[in-house]
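What the coordinates show
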Amino acid sequence: MELTRRGVLGGSAVVGGAAAAAFVGVAPAVSARPAAGDGGTLLTVRPGDPQYADLVRGVNQRWVGRPGQVVVATSTPDVVRAVEQAARTGRRLSVRSGGHCFEDFVSDPAVEILLDLGGLDQIGFDPARRAFVVGAGARLEEVNRRLFAGWGVALPAGSCPSVGVGGHISGGGYGPLSRLFGLTVDHLYAVEVVVADRSGAARAVTATREADDPHRELWWAHTGGGGGNFGVVTRYWFRSPGTDTTDPRRLLPRPPAELLVNTVIWPWEAMDRAAFTRLLLNYSRWYVARNRPGLVENHLYSHLITFHRSGGAVVLNTQVSGQAPDPDGLLDDFLAAVGDGVGVAGQSTVRRRLPWLLGTQWSGFADRPVGRRIKGKSALHRTAFTPAQAAAIHRALTSTDYSHPGSGVLIAPYGGQVTAVAGSATASSHRDAALMLMYLSEWDDESEDATHIGFLRGCYRDVYAGTGGVPVRDRGTGGAYINYPDVDLRDPAWNRSGSSWQELYYGANYPRLQRVKSQWDPLRLFQHRLSVEPNR
C-alpha cells in the first residue's frame, strides 16, 4: 500500500531541443460580458451564473467568497484592466492562482472583485531573455510535464500537482529537489507584475535580477515576500544563475532520470512515547547533521507523516535521486539511522524505481485536494527536536479526548543547497533551516471547526511552549513559512513570544519588503490579514 498524507487523512493508513516553443493558454468556458468601468469587455462571472459557485471557492472549504464579479483573465491586458477598474472604483480586489491558500485572503467577504488567473497558463521558452516563461495560472503538474518533456529540465518546486505557480513562487517555493538545486526563486530571472500608481492607473512592469535593473527590488520582493502584497504577478521567467548559453536544455537544472521511492510504516499500536520520541529525534538529527550544499545525502528527500493515532500508523515516504552514486545504499543507511533504537521495526511496503516525470505523480508526495475544511500552521527548525518538543507532539497525537486521523504534523527536510544563498539575497530568509514542519488538520463538517482548529492550536502551542507558543527565530527554530499562512501568529492569545508575525515570516527582510510595498502599492490595493504593511 502506498501511503500519503491524504491517505492517512482518509483513514487508509489504518492497516498499515527546441530553441523556442509556442505559448499555450486555455481560457475557462465563461461568457464574455461588459464589466462596468473597464472601458471594454472582460470575461466576467457574476452571482447567478452557473460557474460562480465554483469560482468563488478554493481548495479550503472553510472559505467561500461572495464577490460581485469574478474576472477570468486570459492575458496581461485583462489583468491591467481589472486592476485599474478596482483601483479607480475603490472596490476591494483579490487574486487567485491555484486556490490553495490556508486562510481567507482570497475569499474574504470584503472582496468585491476576484481576479482568477487560471487562464494565464502559458509555458514556453523565451529566446529573447534566454529563459523559460511560465504564466502565473499554470499548475505545477503541467510545469513539470512541459519543461521536462520539451527540454529535459525542471524547477525545484513543490510536490502538489494542482498548486498554481503564482503564489507558490512568490512565497519562495520548495520541494523534493530543493536540497539538490535550491528554492524555485533561486532560479527566478524575471517577473511581470501588474501594479497601480496613486492615480489608479495600472500597468505591467517587468523586473529582473540584473544588478542594473531599476525595478530589481520588485523582483526581489517576489522571491519570498508572499502573494497578494505588491501587485498581480502575470508571468515568471526562469534561468539558473551563472548560465552562459543559448541552449534551453542547459538553463535550468536537469532532474534525475530515475527516482527510487520507498514507504515505511510504524503501526501506532506498537509505539509508546519512547519509541515515537526516538523516531522523531533520529529523523531530525539525520537532516540537521547534513544541512549543507554538495553532499551525497542531498539526493534524498522524505516526508515523515505523524498524524493522530486514530489513523493507524506513522508513515515515512522517501525518494532518492538516481543521480546518487548508490541510491539503494543511501536509502538503506537512512532507514537504518531513522529506525535505530526505536524498538519497533518499520514495515517497508513500497520500494521501486520510477522515471522522473512519473515519479512526480507518485502518491507518496503528490497530494491532490479532496474538498475539505483546512487549518494549517508551519515551523522551520534549525536543530533537531528537543525531547520536550517530541513529547508534546506525542501527547497531542495520542490524546484520548480527541480522535481524528486528519490532524497531525508532516515533517519534511529543508536546507542542503538552499543554504548556499544568503538570507538577504532573496526575500526567503530561512536559509539555515534544516526542517520544514506543516501542522495540519482537514475535516468535512462545519460543526466540527472549533474542535479541530482547537486541537491544532493546542498542539502547536505546546510544542513551542518554551518560546511563547510559536517557533521564534532562535538557535533551535527559525520562524514560519508564508506559503502556509496562519493568522494566529498575529493574535496575542496564541503568540505570546514577543516576536511579531512579520519577524516570524520574514526576519530581517521585512523593512525592505515594506519599502517595496510603499513604492509599488501606494494605494494599498493589495492587502489581506498578513499582508506586508507600507513604511509609516
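Residues numbered from 1 in each chain as written. Predicted model: local features only at pLDDT ≥ 70, side-chain atom pairs only at ≥ 80, totals over all residues. Heavy atoms only, no water.

**A few points about the overall build of the protein chain**
Regarding its fold elements, the protein chain presents 14 helices and 17 strands. A compact globule built from 536 residues should have a C-alpha radius of gyration of about 24 Å, and the protein chain, at 22 Å, falls within 12% of that. Seen along its three principal axes, the alpha-carbon backbone of the protein chain occupies a region of about 70 × 55 × 45 Å. For the protein chain, buried positions account for 63% of its 536 residues. For the protein chain, the accessible area works out to roughly 18800 Å², and carbon and sulfur atoms hold 50% of it. Charged side chains of the protein chain number 56 positive and 50 negative; the gap between the two group centres comes to 3 Å. (Helix = DSSP H or I, 4+ residues; strand = E, 2+ residues; numbered from the N terminus. Rg over C-alpha atoms; globule rule 2.2 N^0.38 Å. Buried < 20%, exposed > 50% of the residue type's maximum accessible area, 1.4 Å probe, protein only. Areas by Shrake-Rupley, 256 points an atom, 1.4 Å probe, with all protein chains shown as cover. Lys, Arg positive; Asp, Glu negative; His and termini not counted. Charge placed at Lys NZ, Arg CZ, Asp CG, Glu CD.)

**Notes on the packing of helix H8 (residues 273-288) against helix H9 (residues 327-339)**
A packed helix pair is summarised by two numbers, namely the angle formed by the two axes and the spacing between the axes. Where H8 meets H9, the closest approach of the two axes is 7 Å, and the angle between their N-to-C directions is 135 degrees. One element, H8, and the other, H9, form an angle in the oblique class. In this structure, H8 uses Leu279, Asn282, Tyr283, Trp286 and Tyr287 to contact H9, whose residues at the interface are Leu330, Phe334, Ala337, Val338 and Gly339. Considering only residue class, the contact of H8 with H9 consists of eight nonpolar, two polar and no charged. (Axes fitted to C-alpha atoms, helices over the stretch in contact; angles between N-to-C directions. Parallel < 35°, antiparallel > 145°, perpendicular 65-115°, else oblique. Contact = heavy atoms within 4.5 Å. Nonpolar A, V, L, I, M, F, W, Y, C, P; charged D, E, K, R; others polar.)

**A closer look at the packing of aromatic side chains**
Counted under the stated rule, the structure contains 24 aromatic pairs. With 5.0 Å between their ring centres and 70 degrees between their planes, phenylalanine 132 and tryptophan 151 make a pair best called edge-to-face. Of this pair, phenylalanine 132 sits in strand S7 (residues 131-135) while tryptophan 151 sits in helix H4 (residues 140-151), and the two are 19 residues apart along the sequence. Assessed through its relative accessible area of 6%, tryptophan 151 is described here as buried. Aromatic pair tyrosine 439 and tyrosine 464: ring centres 6.1 Å apart, planes at 70 degrees, arrangement edge-to-face. Note that tyrosine 439 is positioned in strand S17 (residues 435-443) and tyrosine 464 in the loop between helix H12 (449-463) and helix H13 (501-506), a separation of 25 residues in sequence. The structure contains a cluster of three or more aromatic residues connected by ring pairs, namely Phe102, Tyr174, Tyr414, Tyr481 and Tyr484. A cation over a ring is seen here: arginine 239 above tyrosine 189, with NZ or CZ 4.2 Å from the ring centre. (Phe/Tyr/Trp six-rings, centres within 6.5 Å; stacked < 30°, edge-to-face > 60°. Lys NZ or Arg CZ within 6 Å of the ring centre and 35° of its normal.)

**Observations concerning the sheet that holds S17**
With antiparallel pairing, the seven strands of this open sheet are ordered in space as S14-S11-S13-S12-S16-S17-S15. This sheet does not close on itself; its edge strands, each paired only once, are strand S14 (347-355) and strand S15 (373-381). This sheet shows a mean twist of 15 degrees between the axes of neighbouring strands, independent of strand direction. As paired elements, strand S12 (residues 300-307) and strand S13 (residues 313-321) share six bridges and run antiparallel to each other. If you follow serine 302 over to S13, its bridge partner there is threonine 318. Against the sheet, H9 engages strand S11 (258-267), S12, S13 and S14, with an angle of about 150 degrees to S13. In the packing of helix H11 (residues 387-397) onto the sheet, the strands contacted are S12, S15 and strand S16 (407-413), and the crossing angle to S16 comes to about 145 degrees. (Pairing = 2+ DSSP bridges.)

**Some words on empty space enclosed by the protein**
Roughly 200 Å³ of internal volume is contained in the second largest cavity. If you go around the second largest cavity, you meet 21 residues; those closest to its centre are Asn144, Gly158, Ser159, Pro176 and Thr360. It is H4 that contributes the most residues to the lining of the second largest cavity, three residues altogether. The residue inventory of the lining of the second largest cavity, partitioned by class, reads 13 nonpolar, seven polar and one charged. (1 Å grid on protein atoms, 1.4 Å probe; cavity = no way out; pocket = protein on both sides within 12 Å on 5 of 7 lines; lining within 4 Å. Points joined across faces, edges and corners; volume = space filled by probe spheres on them.)

**Overview of the packing of H8 against H11**
H11 packs onto H8 with a crossing angle of 125 degrees between their chain directions and a minimal axis gap of 9 Å. Put simply, H8 runs oblique to H11. The two elements H8 and H11 cross, and the hand of that crossing is right-handed. Mapping the contact onto sequence places Arg273, Phe276, Thr277, Leu280 and Leu281 in H8 and Pro387, Ala390, Ala391, Ile393, His394 and Leu397 in H11. Class assignment for the residues of the contact of H8 with H11 results in eight nonpolar, two polar and one charged. (Left-handed = near helix turned anticlockwise from the far one by under 90°.)

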